[in-house]
Amino acid sequence: MDKSPLITHISWGRMEIEGLASGKDFKLYPGGGRAWDWSEHGTRHEPGIQPADVQELLDHGCTVIVLSRGMELRLQTMPETLKILEDHRIQVHIEETTAAVELYNNLAQAQLVGGLFHSTC
């Protein structure tokens, strides 16, 4: 089983991930991850995380997903996104970013966890 990379640093606008270049927002999954470019699927704080944003995590075999809300809880999640995860029987956690990072790192020890992380508002 490929492990999900650990997040080694989180601060406003900056994240460091095992094996990846530092950046602002990330998609992480078993075996790796990449920068999360919101313009790819038209993601904005509202209506929030798009169904296409989580599809990549599903494609990488995640069985549990952590979605961050940002440091100021401004990032929403679309109901359609949650429906897709429910339809795939994926356990989902939605947390403020620093709490999401802590939860994700704990889950990464033993589960196929994926996550979407927003390091600012």
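Residues numbered from 1 in each chain as written. Predicted model: local features only at pLDDT ≥ 70, side-chain atom pairs only at ≥ 80, totals over all residues. Heavy atoms only, no water.

J.: Quick question: what am I supposed to make of the pairing of strand β4 (residues 32-35) here?
T.: When strand β3 (residues 25-29) meets β4, the two strands line up antiparallel, connected through 4 bridges. In the strand pairing of β4, Phe26 is matched with Ala35. In textbook terms, the turn of a hairpin is the stretch between consecutive antiparallel strands, and for β3 and β4 this stretch comprises 2 residues, one of which, Gly31, has a positive phi near 95°. (Pairing = 2+ DSSP bridges. Helix = DSSP H or I, 4+ residues; strand = E, 2+ residues; numbered from the N terminus.)

J.: What exactly am I supposed to notice about the pattern of salt bridges here?
T.: Inspection of the entire model under this criterion finds 5 salt bridges. Of the charged contacts in the structure, one is a salt bridge between Glu56 and Lys27, with a shortest N-O distance of 3.0 Å. Separated by 29 residues along the polypeptide, Glu56 in helix α1 (residues 51-59) and Lys27 in strand β3 bring together distant segments of the chain. Lys27 carries the same exposure label as Glu56, and that label is buried. The shortest N-O distance in the salt bridge between Arg34 and Glu40 comes to 2.9 Å. Members of the salt-bridge network, linked through shared partners, are Lys27, Arg34, Glu40 and Glu56. (Salt bridge = Lys/Arg side-chain N within 4 Å of Asp/Glu carboxyl O. Buried < 20%, exposed > 50% of the residue type's maximum accessible area, 1.4 Å probe, protein only.)

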